[in-house]
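If you want the building blocks of each chain, they are given just below.
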Amino acid sequence: MQRTYIKDLKNKVGEEVSVSGWVDVRRDHGKLIFVDLRDMSGKVQAVALPNHKEAVAIASTIRSEWVIEVLGKVNPRPEKLVNKNEENGAIEMEITSIVVLNEAITPALDVNGDGKEIDEEVRLKYRYLDLRRPRMQKNIRNRHKVMLLARNLLEKEGFCEIETPNLTIATAEGSKNFIVPSRLEPGKFYALPQAPQQYKQLLMAAGFEKYFQFARCFRDEDTRGDRQPEFTQMDLEMSFATEEDVMRINEKTLIETIQTIYPHKKIQQIPFPVITYKEAIEKYGSDKPDIRTDKNDPDLLAFAWIVDFPMFEKGDDGKWTFTHNPFSGTKPESYNDLMNKENIENIMAAQYDITLNGSEIGGGSIRNHRPEALRKVLEIMGFSDEKIEKEYGHMLKAFETGTPPHGGIAWGLDRLIMILENEPNIREVIAFAKTGEGKDLMMNAPSEVSPEQLRELRLKIDKPEKKNN
Ligand code: ASP
């Protein structure tokens, strides 16, 4: 018999059906055995009655998380047993036979509750079990819906999703790079991208005009509670665009996505308020102010754009460095100062961040598309001609070939979903998250590699430095 999904059972009252899934709980009432059955679409109560002896015999052996196929009849529940709080509370399945598809050992953790009381290391180690809980299923499925809808909306606006390489060279986005040794060229290394920044700009040079990508980004940062060494950005770039163009298209996409997938959420202000960096610091003491009018409302979403950032700031070493990334362009009124390398502290970047309930969920800028302007930025940062040529030569060259003015943005997808799902950290919205220390406890990564592999890569491991704690 063809499988019926549990969500469709309510339309099959009186019919014989076959249902497959996991045993959520089994309750033995002597002659009657109740089995709550779960599949990806929902839950249903099934009951083995004494007149189906074989079914009762099997039902008495099954345990939570066993995978079974049940044949039975969908019955309406007697009026007084109807549970209005459950989707299938008005029906139950009368079991005629059970096939055990796989047994399960006693699960290492309870998959029924919200799991918040369970030690997170245990949850991450047995992530495949942890993901069975309804809360995690909802988070991951809603994440998919947000991505799918945003993709479709951007497609309608003429954007094209293009993949960019993960094996590339080191890029400067303010963190350390993960590096990958090359076997074919021993002693040389790839780096995993911190963001597809250079590739997306090169796609503008290539004439695509409107690009986006759900891109994995890799940043080797010191232990930071709510960071992951790899995370996902909705990365976007467009040609011939002003700051307002980029902001408008992103605002529209966010609003439509949220109103469709989270219709119960209230967006505090549309269009999103635009606050200058200076005002944000003066008024709220933060460049990601929480402007919610009611901070107790879990369904209130207060977006804001933060604009008019200074382009450069002094780093710890006293040298000028970029505030966002080296590719940001200036506001038109600061262009001459950049080209003359004058008045550097007052040069304003054509840069915007987007904040939500006090978190930065995205940021971007209109770029320098003229090679001489990018070169000035790099010179202000004190880079030698040699370093500029080595690390940025390909960008400068591309900009000499007729690269249009362009700009873009990236959203931190994990953080956005985290806020939409009212979760306390991004690990709750990432299927296979790593710990705050960057470990994958389920796969046991990072791990050592074999001496043969090291030899092949011509690598030698120095004794690890002793940690002084
Ligand atoms: N690549 C930038 C980042 O990751 C975003 C952008 O400027 O588009 O922050």
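Thresholds applied
- Residues numbered from 1 in each chain as written.
- Predicted model: local features only at pLDDT ≥ 70, side-chain atom pairs only at ≥ 80, totals over all residues.
- Heavy atoms only, no water.
- Helix = DSSP H or I, 4+ residues; strand = E, 2+ residues; numbered from the N terminus.
- Buried < 20%, exposed > 50% of the residue type's maximum accessible area, 1.4 Å probe, protein only.
- Polar contact = N/O pair within 3.5 Å; in protein donor to acceptor, adjacent residues only side chain to side chain.
- Contact = heavy atoms within 4.5 Å.
- Pairing = 2+ DSSP bridges.
- Near = heavy atom within 4 Å.
- Areas by Shrake-Rupley, 256 points an atom, 1.4 Å probe, with all protein chains shown as cover.
- Nonpolar A, V, L, I, M, F, W, Y, C, P; charged D, E, K, R; others polar.
- Axes fitted to C-alpha atoms, helices over the stretch in contact; angles between N-to-C directions.
- Parallel < 35°, antiparallel > 145°, perpendicular 65-115°, else oblique.
- Left-handed = near helix turned anticlockwise from the far one by under 90°.
- Phe/Tyr/Trp six-rings, centres within 6.5 Å; stacked < 30°, edge-to-face > 60°.
- Salt bridge = Lys/Arg side-chain N within 4 Å of Asp/Glu carboxyl O.

Caption draft 1: Just the side chain of Thr168, in detail. Its place among the elements puts Thr168 in the loop between strand 6 (160–161) and strand 7 (179–181). The class for Thr168 is buried, based on a relative accessible area of 9%. A polar contact of 2.9 Å, which involves the side chain of Thr168, links it to the side chain of Tyr199. With residues near it in sequence (within four places) discarded, Thr168 still touches Tyr190, Ala191, Leu192, Pro193 and Tyr199.

Caption draft 2: Structural view of the pairing of strand 9 (residues 210–218). For strand 9, the buried fraction is high: 7 of the 9 residues fall into the buried class. Direction of pairing for strand 9 relative to strand 10 (residues 230–239): antiparallel, over a ladder of 9 bridges. Bridge pairing in strand 10 links Phe214 to Met234.

Caption draft 3: Representation of the site of the ligand in the model. Around the ligand, a shell composed of 14 residues is seen, among which Gln197, Lys200, Gln233, His324 and Arg367 lie nearest. Measuring from an oxygen atom of the ligand, one finds a side-chain N or O atom of Asn325 at 3.5 Å. Here an oxygen atom of the ligand sits 2.8 Å away from a polar atom, N or O, in the side chain of Arg367. In the complex, the protein chains occlude 91% of the 270 Å² of accessible area that the ligand would expose alone. If you tally residues by element for the shell around the ligand, the top one is strand 19 (residues 406–412), at 3 residues. When grouped by side-chain class, the residues that make up the shell around the ligand number 3 nonpolar, 7 polar and 4 charged.

Caption draft 4: Here's a closer look at the packing of helix 9 (residues 371–380) against helix 10 (residues 385–399). Direction vectors running N to C along helix 9 and helix 10 enclose 160°, while the axes themselves pass 9 Å from each other. Considered as vectors, helix 9 and helix 10 are oriented roughly antiparallel to each other. For the pair helix 9 and helix 10, the crossing hand works out as right-handed. The residues of helix 10 that touch helix 9, namely those facing Pro371, Leu374, Arg375, Leu378 and Glu379, are Ile388, Tyr392, Met395, Leu396 and Phe399. Considered class by class, the residues forming the contact of helix 9 with helix 10 number 8 nonpolar, no polar and 2 charged.

Caption draft 5: Geometry of unusual backbone geometry. Here Ile270 and Pro271 are connected by a cis peptide whose omega angle stands at -10°. One can find Pro271 in the loop between strand 11 (266–267) and strand 12 (274–276). Between Ala445 and Pro446 the backbone carries a cis peptide bond, its omega angle lying at 0°. By the element assignment, Pro446 lies in the loop between helix 11 (413–420) and helix 12 (451–457). The phi dihedral of Asn357 falls on the positive side, at around 50°, and the residue is not glycine. One can find Asn357 in the loop between strand 17 (348–356) and strand 18 (359–366). Positive phi outside glycine occurs at Asn422, with the angle close to 50°. We classify Asn422 as partly exposed; its relative accessible area is 40%.

Caption draft 6: Structural context of the sheet that holds strand 18. Taken in spatial order, the 8 strands line up as 6-9-10-19-18-17-14-12 in an open sheet, and their pairing is mixed. At either end of the open sheet lies a strand with only one pairing partner, and these are strand 6 and strand 12.

Caption draft 7: Local environment of the packing of aromatic side chains. With the rule as written, the count across this model stands at 7 aromatic pairs. Ring plane angle 10° and centroid distance 4.4 Å describe the contact between Phe272 and Phe303, whose orientation is recorded as stacked. With Phe272 in the loop between strand 11 and strand 12 and Phe303 in strand 14 (residues 303–310), this residue pair connects regions lying 31 residues apart in the sequence. Like Phe272, the residue Phe303 is buried in the burial classification. Relative to Tyr392, the ring of Phe327 lies with its centre 5.9 Å away and its plane at 55°, an arrangement referred to as tilted.

Caption draft 8: Spatial organisation of the environment of Glu79. Among the secondary structure elements, Glu79 is positioned in the loop between strand 4 (67–76) and strand 5 (91–102). The exposure class of Glu79 is exposed, given its relative accessible area of 73%. For the pair Glu79 and Ala90, spaced 11 residues apart in the sequence, the C-alpha separation amounts to 8.1 Å.

Caption draft 9: Quick look at the environment of Phe312. Positionally, Phe312 belongs in strand 15 (residues 312–314). Remark: the alpha-carbon pair of Phe312 and Lys288, spanning 24 residues in sequence, is separated by 19 Å. When sequence neighbours within four positions are dropped, the list of residues in contact with Phe312 reads Trp320, Thr321, Phe322, Thr323, Leu338, Ile344, Ile347, Val377, Ile380 and Met381.

Caption draft 10: Focus on the sheet that holds strand 5. Read around the closed barrel, the 5 strands follow the order 1-2-3-5-4; overall the barrel is mixed. Each neighbouring strand pair of the sheet contributes to a mean axis angle of 55°, computed without reference to strand direction.

Caption draft 11: Local environment of the side chain of Ser365. Mapped onto the elements, Ser365 comes out in strand 18. Judged by relative accessible area, which is 0%, Ser365 ranks as buried. Apart from the residues lying within four places of it in its own chain, the contact partners of Ser365 are His324, Ser328, Ala350, Gln351, Tyr352, Gly407 and Gly408.

Caption draft 12: Inspection of the pattern of salt bridges at higher detail. Scanning all chains against the criterion turns up 35 salt bridges. When the shortest N-O distance is used, the salt bridge between Lys331 and Asp308 registers 2.6 Å. Pair noted here: Lys331 is in the loop between strand 16 (320–322) and helix 8 (335–340) and Asp308 is in strand 14, with a separation of 23 residues, a long-range link. Overall, the relative accessible area of 24% leaves Asp308 in the partly exposed class.

Caption draft 13: Here's a closer look at the packing of helix 5 (residues 197–205) against helix 10. Running from amino to carboxyl end, helix 5 crosses helix 10 at an angle of 20°, the nearest separation of the two axes being 10 Å. Considering the angle they form, helix 5 stands roughly parallel to helix 10. For the crossing formed where helix 5 meets helix 10, the hand is left-handed. Here helix 5 contributes Gln198, Gln201, Leu202 and Ala205 to the contact with helix 10, which in turn contributes His394, Met395, Ala398 and Phe399. Of the residues that constitute the contact of helix 5 with helix 10, the class distribution is 5 nonpolar, 3 polar and no charged.

From the geometry alone we can't say anything about function, so treat these as descriptive.
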